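# Understanding the architecture of this molecule
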Amino acid sequence: MSSGDGVSQSSSKKSKKPRYSRFTQQELPACKPILTPGLVISTFIFIGITFIPIGLSSLSASDAVVEIVHRYDEVCISSNANDDEAAHFARIGYIQDDRTNKTCTRTLNVPKKMKQPIFVYYQLDDFYQNHRRYVKSRSDEQYKSPENEQKTKTCEPEAFNDDRKPIVPCGLVAWSLFNDTYTISINGNTIPINKKDIAWRSDRTHKFGSNVYPKNFQTRGLIGGAKLNESIPLSEQEDLLVWMRTAALPNFRKLYGRIETDLEANDKITVVIQNNYNTYSFDGKKNLVISTTTWIGGKNDFLGKIYITVGGICLFLAIAFILVYLLKPRPLGDPAYLSWNKDPASY
Amino acid sequence: MKMRRCVYINDDNLAQDLYCDNRISNRKYTIWNFLPKNLWEQFSRLMNQYFLLIACLQLWPLITPVNPVSTWGPLIFIFAVSATKEACDDYNRYISDKKANEKEVWIVRQGIKKLIQAQDIKVGNIVWLRENDEAPCDLVLLGTADPLGTCYVETAALDGETDLKTRVIPSACMGMDFELLHKIKGVIECPSPDKDIRRCDANMRLFPPFIDNDVCPLTIKNTILQSCYLRNTEWACGVAVYTGNETKLGMSRGVPEPKLTAVDAMIDRLTGAIFVFQIVVVIVLGIAGNVWKDTEARQQWYVQYPTEGPWYELLVIPLRFELLCSIMIPISIKVSLDLVKSLYAKFIDWDDKMVDLETGTRSHATNTAISEDLGQVEYILTDKTGTLTENKMVFRRCCISGSCYGNETGDALTDEKMLNAVSSGSPDVMQFLKVMAICNTVIPVKSSSGAISYKAQSQDEEALVRAAAQLLMVFENKSGNIVDINFNSSLIQYEVLDILEFTSDRKRMSIVLKDCQSGKILLMSKGADESILPYARAGQQIRTFAEAVEQYAQLGLRTLCLAWRELGDDEYQEWASMFNEANSTLVDREWRVAEVCQRLEHGFDILGVAAIEDRLQDGVPETIETLRKAGINFWMLTGDKQSTAIQIALSCNFVSPEPKGQLLIINGKTEDEVCRNLERVLLTMRIADAEPKDIAFVVDGWALEIALKHYSKAFTELAVLSRTAICCRVTPSQKAQLVELLKSCDYRTLAIGDGGNDVRMIQQADIGVGISGREGLQAARAADYSIGKFRFLKRLILVHGRYSYNRTAFLSQYSFYKSLLICFIQIFFSFISGISGTSLFNSVSLMAYNVFYTSVPVLVHVLDKDLGEKTVMQHPQILFYCQAGRLLNPSTFAGWFGRSLFHAIVVFGITIHSYALEKSEMEEVSMVALSGCIWLQAFVVAIETNSFTVLQHLAIWGNLVAFYVINWIVSALPSSGMYTIMFRLCRQPSYWCTIIYFR
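All values reported here derive from a predicted model rather than from experimental measurement.

## Focus on the overall build of chain B
Helix and strand counts for chain B stand at 33 helices and 34 strands. Its C-alpha atoms put chain B at 120 × 80 × 55 Å along the principal axes. Looking at chain B residue by residue over its 999 residues, the buried ones come to 57%. For chain B, long-range pairs separated by at least 24 residues make up 72% of all intrachain contacts whose partners lie at least 6 apart in sequence. A total of about 40,400 Å² of accessible surface is found on chain B, and carbon and sulfur atoms cover 58% of it. Averaging the coordinates of the 98 positive side-chain charges in chain B and doing the same for the 112 negative ones gives two points 3 Å apart.

Quick look at the structure:
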């Protein structure tokens, strides 16, 4: 600092009449909540009595959900190999073979009456859709508009086919599209599964172009999952759209379709499964899920339980504090409790 | 060997390009080097290098978890902020330089007076100044309007002293004709530029026709330094000797070394610890990731891992984790700390309760970076005069040749006895008053109304002159060397022959006079008792004086002994030539002059002792008592004598009086004595340590010198044991040494003082506080904080220091907390994503989280007050907490670390359980986790806030609202998860439940 402006500063300091403001004096009005026993106890009681009802209602909502979960990956490929490892390889061989018949018929029991709409999901376990290599391998720009066909840089290793032509839709995510199919019937009457509007509306209208058609898809030597009909634009390939919404967890469900008729209790459902998708190489599981929903969504006890637990703990603490307060009251703000008053010798 | 420069006066051809021109440049940068130089400076900080490395790594798309923008954005922003600040500062400097450089001044070129810009002045040019002009460079005077060659300058801009100083032209130029000044030629030999504004040891020789073969010595008295103003003089001219950045002012302008607070050091250490933790995490996860890849991922056909990767394949996953974890060290911490620190400083500047109402001086924080340290002070080293006392000297008592005046009334000026003595014209009293009036460097200034006011550098001198004037001995006028004294309306004139200036080593000043009537040559001296009384003429009884000195000191008065003697003509002539010679030496002039002075100052006829009162400032005892209760130890370092110092110490609560307090005195002139004393005091201290007794040691400068030199270990132990110390008769460098000693024992020291002799101590201490008092602004300039009165120290420490410490402790740990929170979530997520380094959060969220959502609420924490100001003032013991650093240390940090780990587990656990299976869409889960973090951090800030002002409510809740509004807007763009927010809103209460669970 040059001393020249030092002088001007000091002179302006003197001439400047101190302008008073509560902010500059750090005197803004403030409320200072003190954690008095009363406040703490009433807060805990309040939390307790609000949380427990919420928890109970979400538990009951979750309870009202009727859900059929059926794991079919193992049962659909029977193996008569003796040990697990041999069975593992047998299954991989079976699923990778184009010529084998992969149709598999299962019968399921409806435990309770299910009201429409009933949702049909497929559930994959131990499938890492969130793997970095996988989740990054897509090109949202390419899916949006036909001009961006060449924008496949992020799609490696599924960017180009063997003739160096860009793949549409490119990327590992699209390439590994799930391709098991289900047909449901009760007593020989086929129940239609509505596959319209299963994807997010925003995906159909914005994320995927209605004039982008699949091209060069699944034409490489290595075939991943489902093939796409090249005459249908991406925005209407709803199975793809659902699949492209990658899951954050390794166990996930994806919507397959909706059943728009009620199912009665003890109905026997026959499901014909085209068991095409390879989860055997990595020991993943495949489940078919048929479920109703309530306001809380699908079956999930977790929320209800945690609400009740926390609410219960709060109530318990509140009671404990009340007891302590009644048995051993101490005046608020007694200076005798200050550390230097308790033990003057220490300083 | 000292370098010299030769300046050829008024020579347009010779040696002009040897030295720089008078262009002042305080700028650090030019337009061209700004960017590289500023970047270089910023990147010399370790933290910035780290962030740059991270940002560069992110450019590699294979490993970057998020868009590089998320690091580059904040990095560039932060760099831009500091660069802009630098640029603004530099531009302001440029503007003020430009103004100074383009100011028009009159100089002589080729014998003609010309008006040129100040920047074109060259060394050797003759510069003309008119009244109230500012000197554009360092000048050696050649002539003034005054026929006797004196002029007055104001040096406030240079040293802060507001009084006028006399400057005289060199003897060689005396009586030169006005016209001749244009043609003057000569050479000035002067030392290379230095920054000592109190010395200028040069010589001048004029060339024919100005024949004067003698080398004429020049001192600082013959110069006008840059930035001084010419006052009360019509014009003056001088030759430029130092120009541009080589002037004394330019040389003393330096960038002071930045002080690092204890809090900063702690934050740096914690940052280092986090860095180590981060490396460990990276290594562990990197190895785990590679193992998982080789065992599991190769079987996952949908990932298509190639069997053979490139050579760097093993590094890819660790580097990804390095990038994921890089947010552990919050990029914003330095910026937010700088921001809040400057706000703390502003609060100090703004504080209406620290305004000196008498002068209207506000407190000022020059150093904006060290407010936290104020709250952690352990030792305060204070000067006495002007710091504890008002430095408003009033002549109270005196003792003249055996009779004491003012003992009864407490004021010698109204003492009947004194008035009688004056009216009867008692010769001793007359002589005493004469010395009081003359023996000084005071300048009387007569106003138009005829009233005389005195401009003095020393408050003591002013008090003496005023007192003499009240006793009818009026120092009326000083024109050149002639001094007019008016006693009872009879004029007495003296010619001043020499002034032997006051130095702190000699501790006295003298003046050699010639009585204009009788022609006798007189020496008049005044000084401290121990530098006058031992030099009394043989046979004079000094016991009464010594007793009087003792008695006055007991009362806490400052004493000065006055003495005189007649000089023989021969003696004077002989001495004068020696004095002249000593004055014209270039090497060790100060020491040589002192030696010559010693030769004259002996054989005094002691006249008497004057006692001057220096009242304690308002509120000093209360302030010291409060601060001592707050656990702060006080040391008083003064140049005064022992008894005065002890008296003041007692009266301002330094030590309790006898039964409770005990003073242990260490003195002695020899090593043995000091050693014995020291041992004894140490022994007492060790014993007394157990009992709550007020023990202080008193040491004088001489013993201190020996103790520090030979028994530094014992003395250090004493310093640690003793809460209070009084050091008297200490020199400025000893003050600094003591500060250094305490600092070496790891104590936080605060030095407070007001005068030039405190500057070294102030600069040495962790915190320097200057009192902008009557001894000028020198100390206040050098200090980190300047306050108007000592009592503001209480508020400065207890209120500002404490709040600053608390706030910074929270802010810094919170910054780490929020970064760790999000980082832990990323790490947990990597365990369920195949340890492949996927980022749960997208780039926008990450960036906004760090830069926006979490930094806004915490910044308003600077308004938080945990306890009211009154409470703190009443219970100063609260400061123990800050001193011991209990709010920011490894264990509190571990608490925050655990808190962030716990919160991360809760957020992550709840998110993945409640958003399992059909709801486990990536964008949704990430948004849920993010909003969980945002709610939690708002909750943490709210819990940690002790007082909610409007701004805090606005920032905390407004931030939450902003979070949703922004995400709504972002979601409305057809890119990210639009419906997620709808989903999440209905499930928000589950966060509440967990949040409240954390207390």
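## Points about the overall build of chain A
From N to C terminus, chain A includes 11 helices and 10 strands. For chain A, the accessible area works out to roughly 17,800 Å², and carbon and sulfur atoms hold 55% of it.

## Points about the state of the cysteines
Using the criterion set out here, one finds one disulfide over all chains in the structure. In this model C155 of chain A forms its disulfide with C170 of chain A; the gap between the sulfur atoms is 1.9 Å. With C155 of chain A in the loop between α6 (140-144) and α7 (172-175) and C170 of chain A in the loop between α6 and α7, this residue pair connects regions lying 15 residues apart in the sequence. C170 of chain A matches C155 of chain A in its accessibility class, with the two residues each being buried. The thiol of C151 of chain B is not disulfide-bonded; the next cysteine sulfur, from C237 of chain B, is found 10 Å away. Considering cysteine sulfurs only, C727 of chain B is the nearest to C728 of chain B, which forms no disulfide, with 7.3 Å between them.

## Some thoughts on the side chain of E601 of chain B
Residue and element names in this part refer to chain B. The residue E601 is located in the loop between α15 (589-600) and β26 (605-616) in this model. At a separation of 2.7 Å, a polar atom in the side chain of E601 contacts the side chain of R508. A distance of 2.4 Å separates a polar atom in the side chain of E601 from a polar atom in the side chain of S510. With residues up to four places along the chain from it excluded, the contact list for E601 reads L500, R506, R508, M509, S510, L523, S525 and Y535.

## Structural notes on the sheet that holds strand β9 (residues 268-274) of chain A
Residue and element names in this part refer to chain A. Taken in spatial order, the four strands line up as β3-β9-β5-β6 in an open sheet, and their pairing is antiparallel. The two strands at the open ends of the sheet, each matched to only one other strand, are β3 (103-109) and β6 (189-191). Taken pair by pair, the neighbouring strands of this sheet meet at an average axis angle of 30°, ignoring direction. Sheet topology note: the β3/β9 ladder contains seven bridges and is antiparallel. Each bridged residue has a counterpart across the sheet, and for N109 the counterpart in β9 is K268.

## Side note on a nonpolar patch on the surface
Residue and element names in this part refer to chain A. Together, I45, I49, I319, I322, L323, Y325, L326 and L327 make up a nonpolar patch on the protein surface, roughly 800 Å² of accessible area in all. For the nonpolar patch, the elements supplying multiple residues, two or more each, are α2 (37-64) and α10 (302-327). Looking at the nonpolar patch element by element, the count peaks at six residues for α10. Looking at the secondary structure, you find I49 in helix α2. The class for I49 is exposed, based on a relative accessible area of 52%.

## Structural notes on the environment of A83 of chain B
Residues and elements named next belong to chain B. Relative to the assigned elements, A83 resides in helix α3 (residues 69-101). For the pair formed by A83 and A240, sequence separation is 157 residues and the distance between their alpha carbons is 37 Å. For A83, the contacting residues outside a window of four places in its chain are F34, N38 and Q42.

## Examining the packing of aromatic side chains
Two aromatic rings, taken as a pair, are described by how far apart their centres are and by the angle between their planes. In total, this model carries 40 aromatic pairs over all chains according to the counting rule given. With a centroid separation of 3.9 Å and an interplanar angle of 10°, the aromatic rings of Y122 of chain A and F178 of chain A are classed as stacked. Linking Y122 of chain A in strand β4 (residues 118-125) with F178 of chain A in the loop between α7 and β5 (181-186), this pair joins segments that are 56 residues apart in sequence. Aromatic rings pair up to connect Y122, F127, Y134, F178, W243, F252, Y277 and F282 of chain A into one cluster. Sitting over the ring of Y405 of chain B, K417 of chain B keeps its end group 5.4 Å from the ring centre. The ring of Y535 of chain B is capped by R508 of chain B, whose NZ or CZ atom sits 4.8 Å from the centre of that ring.

## Details of the interface of chain B and chain A
Between chain B and chain A, the residue contacts involve 86 residues of the former and 75 residues of the latter. Around 7,000 Å² of area is buried between chain B and chain A when both sides are counted, 61% of it from carbon and sulfur atoms. For chain B, the biggest contributors to the area lost against chain A are W301, Y302 and Q304 of chain B; these three give 12% of the whole. In this assembly, chain B and chain A are joined by zero salt bridges. Counting the contacts that link chain B with chain A gives three residue pairs in polar contact (both at pLDDT 80 or more). Among the secondary structure elements, those contributing two or more residues to the side of chain B that touches chain A are α8 (333-350), α24 (792-832), α29 (890-914), α30 (922-944), β34 (948-949), α31 (950-972), α32 (980-987) and α33 (989-997) of chain B. Ranked by residue count, the leading element in the side of chain B that touches chain A is α33 of chain B, at six residues. A per-class count over the side of chain B that touches chain A returns 40 nonpolar, 29 polar and 17 charged.

## Quick look at the confidence of the model for chain B
Residues and elements named next belong to chain B. Residues with a pLDDT of 70 or more make up 91% of chain B, whose mean pLDDT is 79. Confidence, expressed as mean pLDDT per element, reaches its minimum in chain B at α32 with 45 and its maximum at strand β15 (residues 379-382) with 90. Here residues 974-999 scores under 50 on pLDDT; set against residues more than four positions off or in separate chains, the count is 70 contacts. Reported confidence for the predicted complex is 0.85 by ipTM and 0.76 by pTM.

About the thresholds
Residues numbered from 1 in each chain as written. Chains lettered and ligands numbered in written order. Predicted model: local features only at pLDDT ≥ 70, side-chain atom pairs only at ≥ 80, totals over all residues. Heavy atoms only, no water. Helix = DSSP H or I, 4+ residues; strand = E, 2+ residues; numbered from the N terminus. Buried < 20%, exposed > 50% of the residue type's maximum accessible area, 1.4 Å probe, protein only. Contact = heavy atoms within 4.5 Å. Areas by Shrake-Rupley, 256 points an atom, 1.4 Å probe, with all protein chains shown as cover. Lys, Arg positive; Asp, Glu negative; His and termini not counted. Charge placed at Lys NZ, Arg CZ, Asp CG, Glu CD. Disulfide = S-S within 2.5 Å. Polar contact = N/O pair within 3.5 Å; in protein donor to acceptor, adjacent residues only side chain to side chain. Pairing = 2+ DSSP bridges. Axes fitted to C-alpha atoms, helices over the stretch in contact; angles between N-to-C directions. Patch = residues over 30% accessible without salt bridge, like charges linked within 9 Å, V, L, I, M, F, W, Y side chains within 5 Å. Salt bridge = Lys/Arg side-chain N within 4 Å of Asp/Glu carboxyl O. Phe/Tyr/Trp six-rings, centres within 6.5 Å; stacked < 30°, edge-to-face > 60°. Lys NZ or Arg CZ within 6 Å of the ring centre and 35° of its normal. Buried area = accessible area lost by both parts, 1.4 Å probe. Nonpolar A, V, L, I, M, F, W, Y, C, P; charged D, E, K, R; others polar. pLDDT = per-residue confidence, 0-100.

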